[in-house]
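Close look at the chain arrangement
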Amino acid sequence: MVGNSGLRSQLYRVRVRDGALTQVTFGDHSLSDWTYDSESGRHFGRFANEHSPGEIHEIDPRTGVLRQRSAIYSTALSGVTLPKQRAFTWSAADGQELEGLLVYPVGYQTGQRYPLVTITHGGPRSSAQFGSWNASRYVPVLAGQGYAVFLPNHRGGTGYGDAFMRAMVGNYFRNAHTDVLSGVDALVANEIADADRLIKMGWSAGGHMTNRLITMTHRFVAASSGAGVADWVSLFGESDRRSGRIPWFGGTPWQENAPLPSYRSQSPVFDAWKVRTPTLFWSGGDDERVPPTQAILMFRAVRDTGTPTALYLGKGEPHNFRQPSHKLFKINRELAWYAEHLGRDAYEADLPAIDPRTEDSGSDGTAP
């Protein structure tokens, strides 16, 4: 079986008679697509790490030794300088030990502070892991642009035990958001991050977190929120997924004696009047998980504060962008946004900035 242990995922062997667990693989990597061929007794899996998005390896189930069986990315990455990835640990205000993935900017020099992009994971029942080659995060690109990148594993996520994951029960934003901020503080204290050059981004639950943080702090000079919640009540009615959210609020929003104060207090749109962080909002036009009305709500609310903002709706896109042109457009638009609000030289795209005609920065936030 494959098990998630924080920043890593490994292959484990379970003894049927007593449930004894033995770890088979070791290392700073994430394992996916594990396959076992019962006829030959051979195990295969994709291992992603700081050097590779995931080559196929054969796994010796007795020793855990890995033998690479594919070279899909060797040509594409030949001659490319990739950033270093390290586990970073810190303590939350209440003493909870936390960790996240720290990606150093290419050319990192000890003692020099760098602009920091903090990316929170989706789920939230998930975790950031070594590799993190997800196209929506484009971590190596950010590092190549001179940014340090921080992917914190806050409470409510997986890989650290049941109590850690259940920390959101009864209150989605009990401590997850302060976990993230304490991690940023620790990177500033460790003289890695520049406190005056902080950026926040994320998608889905990472967008929820972004929306929450920009309503409670002005520390971030720029942000980008993808498929993030604005109002939990309307999302409960719109989304294709509801039951999994009930424990966070203590019931449905339409039951007798509904816990509406909980829903409202955790809905970022009601605090949007506090936002001063220039923020981009994104959504798939056909997203059924977090429908585009959530991004439209946050965009309009932030726009009314006079804070710089823009909204982009990916035509025909589901919960995650699939069209390469839309993904590329998002990357280039975000890099330009960050450079602008950091006061850096204007960002010039290394690849054509393909406009998918989904930009919505009109006067009323509706698609042209």
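Whatever comes next refers back to the structure up there.
Residues numbered from 1 in each chain as written. Predicted model: local features only at pLDDT ≥ 70, side-chain atom pairs only at ≥ 80, totals over all residues. Heavy atoms only, no water.

**Re the overall build of the chain**
Spelled out, the test is: A run of H or I in DSSP becomes a helix once it reaches four residues, and a run of E becomes a strand once it reaches two; helices and strands are each numbered from the N terminus. As a reference, a globule follows 2.2 Å times the number of residues to the power 0.38, and the radius of gyration itself is taken over C-alpha atoms. With a 1.4 Å probe rolled over the protein chains alone, any residue whose accessible area is under 20% of its type maximum counts as buried; one over 50% counts as exposed, and the rest are partly exposed. By definition in these notes, contact holds between two residues if any of their heavy atoms fall within 4.5 Å. The charged-residue count follows a simple rule in which Lys and Arg add positive charge and Asp and Glu add negative charge, with His and chain termini not counted at all. To locate a charge, take atom NZ for lysine, CZ for arginine, CG for aspartate or CD for glutamate.
Scanning the chain for helices and strands turns up nine helices and 16 strands. Here the C-alpha atoms of the chain give a radius of gyration of 21 Å, agreeing with the 21 Å that 2.2 N^0.38 yields for 368 residues. Along the longest, intermediate and shortest principal axes, the C-alpha atoms of the chain span 60 × 55 × 45 Å. Within the chain, the fraction of its 368 residues that count as buried is 51%. Of all intrachain contacts in the chain linking residues separated by at least 6 positions in sequence, the fraction that spans at least 24 positions is 63%. Considering the chain, the positive charge centre built from 37 side chains and the negative charge centre built from 37 side chains are found 4 Å apart.

**Overview of the environment of Pro259**
Relative to the helices and strands, Pro259 is located in the loop between helix H6 (246-249) and helix H7 (260-265). Apart from the residues within four sequence positions on either side, Pro259 is in contact with Phe249, Gly250, Gly251 and Thr252.

**Overview of the nonpolar core**
Note the threshold: Within this scheme, the nonpolar core is defined by two criteria: the residues are buried Ala, Val, Leu, Ile, Met, Phe, Trp, Tyr or Cys, and they are joined through side-chain atoms within 4.5 Å.
Residues Leu142, Trp232 and Tyr338 are the most contacted members of the largest nonpolar core, which totals 68 residues. Apart from the residues lying within four places of it in its own chain, the contact partners of Leu142 are Val117, Ile119, Arg137, Tyr147, Val149, Met201, Leu335 and Tyr338. Residues Ile214, Val269, Phe281 and Leu311 belong to the second largest nonpolar core, which totals 15 residues.

**Some thoughts on helix H4 (residues 205-216)**
For the record, the criterion: Multiplying 1.5 Å by the helix residue count minus one yields the expected span of that helix.
Compared with an ideal rise of 1.5 Å per residue, which puts twelve residues at 16 Å, H4 spans 17 Å between its outermost C-alpha atoms and is within 8% of the ideal. Of all twelve residues that make up H4, eleven are buried, and the element is covered over most of its length. Of the residues making up H4, those classed as buried are Ala205, Gly206, Gly207, His208, Met209, Thr210, Asn211, Arg212, Leu213, Ile214 and Thr215.

**Some thoughts on the side chain of His154**
Positionally, His154 belongs in the loop between strand E11 (148-153) and helix H2 (162-165). Using a relative accessible area of 3% as the deciding quantity, one classes His154 as buried. Sequence-distant contacts of His154, defined by excluding residues within four places in its chain, comprise Thr120, His121, Pro124, Phe164, Met168, Ala176, Asp179, Val180 and Met209.

**Describing the pattern of salt bridges**
Rules: Note on definitions: salt bridges are taken to be side-chain nitrogens of Lys or Arg within 4 Å of carboxyl oxygens of Asp or Glu.
Counted by the stated rule, this structure contains 14 salt bridges. Note that Arg8 and Asp28 form a salt bridge whose closest N and O atoms lie 2.7 Å from each other. Here the residue Arg8 occupies a position in strand E2 (residues 8-14), and Asp28 occupies one in the loop between strand E3 (21-23) and strand E4 (30-37), the gap between them amounting to 20 residues. Note on Asp28: relative accessible area 43%, which makes it partly exposed. Between Glu50 and Arg86 there is a salt bridge, and its shortest N-O distance comes to 3.5 Å. Of this pair, Glu50 sits in the loop between strand E5 (42-49) and strand E6 (52-59) while Arg86 sits in strand E8 (residues 85-91); the two residues are 36 residues apart in sequence, bridging distant segments of the chain.

**Re helix H3 (residues 176-189)**
Its 14 residues place the ends of H3 20 Å apart at the C-alpha level, agreeing with the 20 Å of an ideal helix rising 1.5 Å per residue. Burial analysis of H3 places eleven of its 14 residues in the buried class, the great majority of the element. When we look at burial in H3, the residues that qualify are Ala176, His177, Asp179, Val180, Leu181, Ser182, Gly183, Val184, Ala186, Leu187 and Val188. Once H3 finishes, Glu191 follows within two positions and takes phi at roughly 60°, a positive value.

**With respect to the sheet that holds strand E7 (residues 66-68)**
Two orientations exist for strands paired in a sheet by backbone hydrogen bonds: parallel and antiparallel. Spelled out, the test is: Any two strands between which DSSP finds at least two bridges are classified as paired. Note on definitions: angles span 0 to 180 degrees between N-to-C directions of axes, and those axes are lines fitted to C-alpha atoms, for helices only across the stretch in contact.
Strand order in the open sheet formed by four strands is E4-E5-E6-E7, and the pairing between neighbours is antiparallel. The open sheet is flanked by E4 and E7, the only strands paired with a single partner. Ignoring which end each strand starts from, the neighbouring axes of this sheet average 30° apart. Strand direction decides the pairing type here: E6 and E7, joined by three bridges, are antiparallel. Looking across to E7, one finds that Ile59 is bridged to Leu66.

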